[in-house]
Structure formats: structure tokens, C-alpha cells
Amino acid sequence: SSLPELFTTLALLFFIGGDEVFGAGIAVTAGSAVFNSDIIPCLCIIVVTAPALARILLRVSTLGIMKLQSEWFTTDSFEIDKPALIRDGIAVIIAELVLIYLLGKSTLTWVDGAILMGIYLPYVAFMAWQSSKFPDQDEKEAEEEEATVKPGKVKALLNFDFNNLLFNSEPYVPEKAYKPWIVLTCAVLVISGACYVLGETIVLRAKLLHVHEIVTALFLGAAASSVPDTILSIKDSMKGNHNDAISNAIGSNTFDICIALGFPLFLYGISEGVVPMPQHDLILGLRIALVIITTVILSIFLIPKKVRFWQAAVLAILYIMWTVYILSTEV
């Protein structure tokens, strides 16, 4: 779900503008980190605690094209796995502190990219060790997945449902393990093409608005690249899987910073050498805001015993403040 951030940064560096738009790649990553930590949990809380408001927001934001299903899991409040949130929060803050240090340098090299990627390895190892202590996915959930009505081919094409298009929605079985790889490859190709278009849009929109590419990347790029994370988390919330919804949003930030930014920087540094750090006030703004916003958001979830609608309101206000702060640097 974080491939859009990775592919957009790769497209910006290698196919669109080189190191001249590297700041936009940083902004996509940093902006996604804020969006994932703030807006995605905000929407998840609204869907669960204020379903009527969720319906209105979706209809308005999509100009009436999309609507939510009739029923899903709703409640006035819910609890989340705080130890898991602390684990993911610590990983994100460590990654952000390293990124803040790198943003203070005048130039970056492949070594800096390697450092970012190296941070991700212990996190992945720890997650793998933890997951090994739990049983496989619930069979009941898998049965419900198979019982879902298969859409027609036209709808499958519009939804990029490659399993339906290529294999008639056959369930995955170990004996035909190649099928998931084919479906995954097709999906990745679609995502990569969309991310190239997104990278071009970030640069062209900045020229049209007469602002720096970092500005359009922080909002347009960050929001667009976070669509998969948003959809996955909201679907988890609608099923009542609140821990998955929040962990997906917070945990994605570690990948975004360490891999989605570190890997392109590593490749570009090896092939081109030194990457100059963009000289813009927004870089300083990102250094100040990243850890502060993450810490505030984690506190909103960790201090209260349960999650309620008021936390969604606080998150919305926090994102508005972030937006005003960033835009003020361009005025």
C-alpha cells in the first residue's frame, strides 16, 4: 500500500526532474507521513463513530459518485492495542529523527539512503518475530471472502480486479502459487504508471500555481499516494478491525521514510553521486513539524482509555493547522 510513495519518488528522480525535484520526493514522503498519521485515523474514527457524517463526506468529496454500503460496524467508542501502537510509534519517531538530521545537511549521498533503509531492517525483523507467535488468518474471514459475489468483467476492469479478469476469481491455493504473483505484477504495473502521471502532475501544477514543487507534493502528492492506505484502513474499520486500521496507517510511515525515500536516494546517489538538498523554508518547516505532529497524534490515542469522535475532531483541526503553517511559508 506504500508503493505509490516509492514509485512517485523514483519517477521524480529518474524520469522527470532529477535532483532538481528531489525536494518534491521528500515532500511526498513527509506529507504522506502526516496524512497517514492524521487524516487516515480521523476518517477511520468518523466511519465507526459517526456513520452519517462519513456518508456525507464521501458523497461530497466524490461529487455524489460514490456511496458507502448500507451497514457496517459502528460504535460510540472502541479500544486499540496500545503496545502495538507504541511499537509502531517508536519506529516512526526513530525514522523521523534520522530524516530530520538528514534534512539539515547541504548534500546527501547513497550512504544516507543506505542508513534510512538500514533502520527498516530491525523493524521488519521484529514484526516477523512477533507475527510468528500468532496463528494464520482466521479461516472464517477467508470463507467470507470467497463467498463474496463475483463482479462482472466490466466492473472488474474498472476496479483493476486482475484475479477476476485473468483467473475468473479463483481462490488462491498453494498448488498454483504463481497466480498471486501474476496478479501482483499487474497491479504494480498499474500503480507505477499512475505514479509517473502523479509525479508529472506535481511538477506541472507547481508551475501553474507559481509555487515550489514541495508545496504541491506535500498536499497533492501526499494525498494521492496515500489513497491505498486510506482505503485499506477504512475497510478494516468498517469490519471492526481497529488495530489493523490504525497500525496500517502509522506503520506505513516507517516504510515511507526508510524505503520510499531511502531506496531512491540510494540508487540515485550510486548512479549520479551527490544529491544537493533543496534550499527552501519548507525543509525547515518539515524538520520542525514531523516529530511534533507524530508525538501529538500518538498522545491522542495513547492517553485516553478509548477512542471516541472527539479525537477525530482534534485530528482534523491539527491537519488544518499543518496546512495553514505550510502555506504560510509560500506567502
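Since the model is a prediction, treat every value here as computed from it, not as a measurement.

How each quantity is defined
Residues numbered from 1 in each chain as written. Predicted model: local features only at pLDDT ≥ 70, side-chain atom pairs only at ≥ 80, totals over all residues. Heavy atoms only, no water. Salt bridge = Lys/Arg side-chain N within 4 Å of Asp/Glu carboxyl O. Buried < 20%, exposed > 50% of the residue type's maximum accessible area, 1.4 Å probe, protein only. Phe/Tyr/Trp six-rings, centres within 6.5 Å; stacked < 30°, edge-to-face > 60°. Axes fitted to C-alpha atoms, helices over the stretch in contact; angles between N-to-C directions. Helix = DSSP H or I, 4+ residues; strand = E, 2+ residues; numbered from the N terminus. Parallel < 35°, antiparallel > 145°, perpendicular 65-115°, else oblique. Left-handed = near helix turned anticlockwise from the far one by under 90°. Contact = heavy atoms within 4.5 Å. Nonpolar A, V, L, I, M, F, W, Y, C, P; charged D, E, K, R; others polar. 1 Å grid on protein atoms, 1.4 Å probe; cavity = no way out; pocket = protein on both sides within 12 Å on 5 of 7 lines; lining within 4 Å. Points joined across faces, edges and corners; volume = space filled by probe spheres on them.

1. A few points about the pattern of salt bridges
At step 1: Enumeration according to the criterion identifies three salt bridges in this entry.
At step 2: Of the charged contacts, one joins Arg87 and Asp88 as a salt bridge, the two residues approaching to 3.0 Å between their closest N and O atoms. Of the two residues, Arg87 and Asp88, neither departs from the other in class, the shared state being buried.

2. Structural notes on the packing of aromatic side chains
Aromatic ring pairs: the centre-centre distance and the angle between the two ring planes describe each pair.
At step 1: A full pass over the atoms with the stated rule returns seven aromatic pairs.
At step 2: On the basis of an interplanar angle of 40° and a centroid distance of 6.4 Å, the ring pair of Phe160 and Phe162 is categorised as tilted.
At step 3: For Phe160, a relative accessible area of 48% translates into the label partly exposed.
At step 4: Phe162 gets classed as buried once you look at its relative accessible area, which sits at 14%.
At step 5: One aromatic cluster is present, formed by Tyr120, Tyr123 and Phe255 through successive ring pairs.

3. As for the packing of helix 1 (residues 3-16) against helix 12 (residues 242-272)
At step 1: The interhelical angle for the contact between helix 1 and helix 12, taken along N-to-C directions, is 25°, at an axis separation of 9 Å. If you check the angle between helix 1 and helix 12, you find them roughly parallel. Helix 1 and helix 12 meet at a crossing whose hand is right-handed. Seen from helix 1, the contacting residues are Glu5, Leu6, Thr9, Leu10, Leu13 and Phe14; seen from helix 12, they are Asp256, Ile259, Ala260, Leu261, Phe263, Pro264, Leu265, Leu267, Tyr268 and Ser271.
At step 2: Its residues assigned to classes, the contact of helix 1 with helix 12 shows 12 nonpolar, two polar and two charged.

4. Some words on the packing of helix 4 (residues 82-103) against helix 5 (residues 110-131)
At step 1: Two numbers describe how helix 4 lies on helix 5: the axes approach to 10 Å, and their chain directions differ by 175°. Taken as axis vectors, helix 4 and helix 5 run roughly antiparallel relative to one another. Along the contact surface, helix 4 presents Arg87, Asp88, Ala91, Ile94, Val98 and Leu102, while helix 5 presents Asp112, Ile115, Leu116, Ile119, Tyr123, Phe126, Met127 and Gln130.
At step 2: Of the residues that constitute the contact of helix 4 with helix 5, the class distribution is 10 nonpolar, one polar and three charged.

5. Section: the layout of surface pockets
At step 1: Estimated volume of the second largest pocket: approximately 760 Å³.
At step 2: In terms of lining, the second largest pocket is formed by 23 residues, of which the most central are Arg87, Met127, Asn243, Asp244 and Ser247.
At step 3: Only helix 4, helix 5, helix 11 (227-239) and helix 12 provide two or more residues apiece to the lining of the second largest pocket.
At step 4: Across the lining of the second largest pocket, the residue classes break down as eight nonpolar, nine polar and six charged.

6. Concerning unusual backbone geometry
At step 1: With phi around 55°, Asn168 is a residue other than glycine that occupies positive phi space.
At step 2: You can see Asn168 is positioned in the loop between helix 8 (162-167) and helix 9 (178-209).
At step 3: Even without glycine at this site, His210 takes up a positive phi of about 60°.
At step 4: The topology assignment puts His210 in the loop between helix 9 and helix 10 (213-225).
At step 5: Overall, His210 belongs to the exposed group, its relative accessible area being 72%.

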